[in-house]
Amino acid sequence: MPQVPAENASTAAAAAATAVPGAGRHGGATAWWGKLHGLGPVIGLVLLCIAGTLLNSNFATYDNVMNVLTRTAFIGIIAVGMCFVIISGGIDLSVGSMAALIAGSVILFMNAMAPVLGSPMAAVVVGMLLAVVLGAVFGLVHGLLITKGRIEPFIVTLGTLGIFRAYLTYFSNGGAITLENDLSDIYSPVYYANLLGVPIPVWIFLLVAVIGGVILNRTAYGRYVQAIGSNEQVAQYAAVDVHKIKILTYMLLGVCVGIATLLYVPRLGSASPTTGLLWELEAIAAVIVGGTVLKGGAGSITGTVVGAILLSVISNILNLTSIISVYLNAAVQGFVIIAVAFMQRGKR
Amino acid sequence: MNSKTTSSFTRRLALSAVGAAAALALAGPAIAQANKTVVGVAIPSATHGFTGGIVYWANQAKKDLEKAHPGLQVIVKTAGGAPEQANQLQDLVTVNKINALVIFPFESAALTKPVAQVKAKGVYVTVVDRGLTDTSAQDAYVAGDNTAFGKIPAEYIAKALNGKGNVVAMRGIATTLDNERMDAFNAVLKNHPDIKLLDAKYANWNRDDAFKVMQDYLTRFPQIDAVWAADDDMAVGVLKAIEQAKRKDIKLVFGGAGAKGMIKTLADGSNPLIQANVSYSPKFIYDSIKLTAEARIKGEKLPATTIIPSVLITKENAKSFYFPDSPF
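Cut-offs used in this document
- Residues numbered from 1 in each chain as written.
- Chains lettered and ligands numbered in written order.
- Predicted model: local features only at pLDDT ≥ 70, side-chain atom pairs only at ≥ 80, totals over all residues.
- Heavy atoms only, no water.
- Buried < 20%, exposed > 50% of the residue type's maximum accessible area, 1.4 Å probe, protein only.
- Helix = DSSP H or I, 4+ residues; strand = E, 2+ residues; numbered from the N terminus.
- Pairing = 2+ DSSP bridges.
- Right-handed = clockwise from strand over helix to strand, strands pointing away.
- Axes fitted to C-alpha atoms, helices over the stretch in contact; angles between N-to-C directions.
- Contact = heavy atoms within 4.5 Å.
- Salt bridge = Lys/Arg side-chain N within 4 Å of Asp/Glu carboxyl O.
- Polar contact = N/O pair within 3.5 Å; in protein donor to acceptor, adjacent residues only side chain to side chain.
- Parallel < 35°, antiparallel > 145°, perpendicular 65-115°, else oblique.
- Left-handed = near helix turned anticlockwise from the far one by under 90°.
- Nonpolar A, V, L, I, M, F, W, Y, C, P; charged D, E, K, R; others polar.
- Phe/Tyr/Trp six-rings, centres within 6.5 Å; stacked < 30°, edge-to-face > 60°.
- Lys NZ or Arg CZ within 6 Å of the ring centre and 35° of its normal.

Engineer: Can you help me understand the pairing of strand β7 (residues 195–202) of chain B in this one?
Structural biologist: In the case of a regular strand, side chains alternate between the two sheet surfaces. All names here are of chain B. Burial runs high along β7: six of the eight residues are buried. The pairing of strand β6 (residues 165–171) with β7 spans seven bridges and is classified as parallel. Looking at β7, one finds that Val-167 is bridged to Leu-197.

Now the structure itself:
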């Protein structure tokens, strides 16, 4: 479990942060320095973008920026939900498998319902609703097992990680589940169309992030999530219905996974057992790079969004250049993630 | 590797392709059943398209062969990892009392010792596709032709582009098998100095990754004439990215392995970018089980190495590579 080292590290980092201004170069720098820590992911992103532009002049083109933002939308939307779960002190390792199973189920459902409903359009719309409902139901099951069943979130979602993917593999016979052509034609604008020159997935990503930010910072529920994450017992004494809030948090993440899947399915019109592989780690990395603490209590949606974009930009730059051996791509990503986390280590 | 067995096998494969079921039905009763033959089959479990196909074809072989040869028993075991597969080998020998084993090793190095132990107990061992690190642990080796898998697309692309143009490639996962294919591809391009390989990145035999890598290739290179996607799953992502970017410069997308969707597209001629494919069918597990079982029933041995040829698939011969019931 990463909780323990994370706790130690952040305590140590907090101690270091108080020590640095004390040893001070200039006294008034404390506030400025504190602000800089929080800006770690933004600075990282800006540096990466400068590097990208220097390495390839096509990096800064509008089309490339939109490509990167569009492909970030899946992980970004899941990361917004993941941010709530992590702030509440939990974790969800199953999101990649969950997305894959939802994608597969929705495609099978649409293919089966199109002749029944008589209208491919209706099948697509009902299928889209099903994606969100399935996500909420899976989240509810997680929440119930974690709260009422009193099992560690790590264990529950480790279990469902295997279960979800195994069922997808079973449904697909190990191959791919493919959306029928007429349905695919109706559905594909959801991924490929633009609104005011900006692709639909980017709009939805933005919308989810704004709503997430409002819920986290402007509602009682958001404050309870943070309270539970920083000290569950104190929250309980303060008459917070901890179980209800936790269940809602996992459902919120499930809904986010459902929405992400809605955008994912029309891209390739298929789901296979490799769909969504390691998305859980990408989503968790986006949240952590964005400045949320793995042990819970506090975090930011803006940071999460920046973190998600940062991760996609790295792989985009690696694809746009050929100066680094292709064998080392994962290493470059690892170095950048650690460097960004290092830049904001003194935040608390 | 060796090509002596290849040509004779091509003929046999062609025969079986014409009417595998009919041939089996005729051959079946002709062979006298002396002792009961029990063939154990150990393969990776279905976690993606290709292994899904492996599992399908192994079960298909069990069905066809047991029907054709009364007294023959085929036991199929699938494993999610090397340790699990090693345990299954022990079970096959001690519980199921197999006298022949067909194994698609999950990993080469980790399974060499367990397979050697099976052979030491007098079981006839056929190793498929992923070779063991010590070949003395096996009686026979049957594999797909990775060199042809890289060579055929390169030759086709060179010819289609009249020896001049820009090509991008997409590789699988960094493995020796992938290197073999890429080396073969590069070796052919050496003979065509006017064909420029712009870049070759890993897309992990994955549709999503291929989509992203292709988007980035399209951003980076204003003129691309052909794409070698080195697998049909990746070709799906490549086609979507080209479609989205509305690029007209690409004349050809060459996938590989003959996934049923691509073979159908090829046979129907429904996408002008898809003009050819190269076979590397998971059906080779079917052929391996069939060869091993039939040889053992007659008390014969297989040649030390059998390479299942990878051949060029075009619109003309696509029909004979189309298996609509297979998941791959």
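Picking up after the structure, the text goes on.
Engineer: Is there a simple way to explain the pairing of strand β4 (residues 124–128) of chain B in this structure?
Structural biologist: All names here are of chain B. Across the five residues that make up β4, a large majority, five, are buried. Side chains Tyr-124, Thr-126 and Val-128 of β4 all project onto a buried face; the interleaved residues Val-125 and Val-127 project onto the opposite face, where all are buried too. Following the chain from strand β3 (residues 100–103) across helix α4 (residues 108–120) to the adjacent parallel β4, one finds a crossover that is right-handed. Bridging between β4 and strand β5 (residues 140–144) involves three bridges; their strand directions are parallel.

Engineer: Sorry if this is basic, but what is going on with the sheet that holds β3 of chain B here?
Structural biologist: Pairing between sheet strands relies on hydrogen bonds along the backbone, with the strands arranged either parallel or antiparallel. Residue and element names in this part refer to chain B. Taken in spatial order, the six strands make up an open sheet running β2-β1-β3-β4-β5-β11, and their pairing is parallel. Both outer strands of the open sheet, β2 (72–79) and β11 (305–308), are each paired with one neighbouring strand and no more. Strand-to-strand twist of the sheet, defined as the mean angle between neighbouring strand axes without regard to direction, takes the value 15°. Note that strand β1 (residues 37–44) and β3 share four bridges and pair parallel. Residue pairing in the sheet places Val-39 in a bridge with Ala-100 of β3. In this fold helix α2 (residues 49–68) packs onto β1 and β2, with an angle of close to 165° to the strand it touches most, β2.

Engineer: What am I meant to see in the interface of chain B and chain A here?
Structural biologist: It is common to give the size of an interface as the accessible area that goes away when the parts come together. Between chain B and chain A, the residue contacts involve 26 residues of the former and 32 residues of the latter. Applying the counting criterion to the chain B and chain A interface returns two salt bridges. Measuring nitrogen to oxygen at the nearest pair gives 2.9 Å for the salt bridge that ties Asp-216 of chain B to Arg-71 of chain A. One can count 14 residue pairs in polar contact (both at pLDDT 80 or more) joining chain B with chain A. Per element, the largest residue contribution to the side of chain B that touches chain A is nine residues, and it comes from helix α7 (residues 207–220) of chain B.

Engineer: I'm lost on the packing of α7 of chain B against helix α8 (residues 232–245) of chain B in this one. Help?
Structural biologist: When two helices pack together, their arrangement is given by the angle between their axes and by how far apart the axes lie. Residue and element names in this part refer to chain B. Viewed as axis vectors pointing N to C, α7 and α8 meet at an angle of 40°, and their least axial separation amounts to 7 Å. Considering the angle they form, α7 stands oblique to α8. At the point where α7 passes α8, the crossing takes the right-handed sense. Residues Arg-207, Ala-210, Phe-211, Met-214, Gln-215 and Leu-218 of α7 form the contact with α8, whose participating residues are Asp-233, Met-234, Val-236, Gly-237, Val-238, Lys-240, Ala-241, Ile-242, Gln-244 and Ala-245. Along the lines of polarity and charge, the residues of the contact of α7 with α8 split into ten nonpolar, three polar and three charged.

Engineer: How do you make sense of the sheet that holds β6 of chain B when you look at a structure like this?
Structural biologist: Residues and elements named next belong to chain B. Spatially, β7-β6-β8-β9 is the arrangement adopted by the four strands of the open sheet, whose pairing is parallel. Edge strands, defined here as strands with exactly one partner in the open sheet, are β7 and β9 (252–254). Adjacent strand axes in the sheet meet at a mean angle of 15°, parallel and antiparallel pairs treated alike. Relative to β9, strand β8 (residues 226–228) is paired through three bridges, and the arrangement is parallel. In the sheet register, Ala-226 faces β9, and the bridge partner there is Leu-252. Its contacts with the sheet place α8 against β6, β8 and β9, and it is angled at close to 160° to β9.

Engineer: Please clarify how the packing of aromatic side chains should be interpreted in this entry.
Structural biologist: A ring pair, where both rings are aromatic, is described by two values, the distance of the centres and the angle of the planes. If you walk through the whole model with that rule in mind, you get 20 aromatic pairs over all chains. Both rings, one in Phe-74 of chain A and one in Tyr-264 of chain A, keep their centres 5.5 Å apart while their planes meet at 75°; by these two values the pair is edge-to-face. Linking Phe-74 of chain A in helix α4 (residues 62–87) with Tyr-264 of chain A in helix α13 (residues 242–268), this pair joins segments that are 190 residues apart in sequence. The exposure class assigned to Phe-74 of chain A is buried, which follows from its relative accessible area of 2%. Here Tyr-191 of chain A and Phe-211 of chain B contribute two aromatic rings whose centre-to-centre distance is 6.1 Å and whose plane-to-plane angle is 70°, an arrangement assigned as edge-to-face. One end of the pair, Tyr-191 of chain A, is in helix α9 (residues 189–192); the other, Phe-211 of chain B, is in helix α7, on a second chain. Each member of the pair, Tyr-191 of chain A together with Phe-211 of chain B, is buried. Among the aromatic residues, ring-to-ring pairing joins Phe-74, Tyr-191, Tyr-192, Tyr-264 and Trp-279 of chain A together with Phe-211 of chain B into one connected group. Sitting over the face of the ring of Phe-149 of chain B, Arg-181 of chain B holds its NZ or CZ atom 3.9 Å from the ring centroid. One Lys or Arg, Lys-283 of chain B, reaches over the ring of Trp-57 of chain B and ends 5.6 Å from the middle of that ring.

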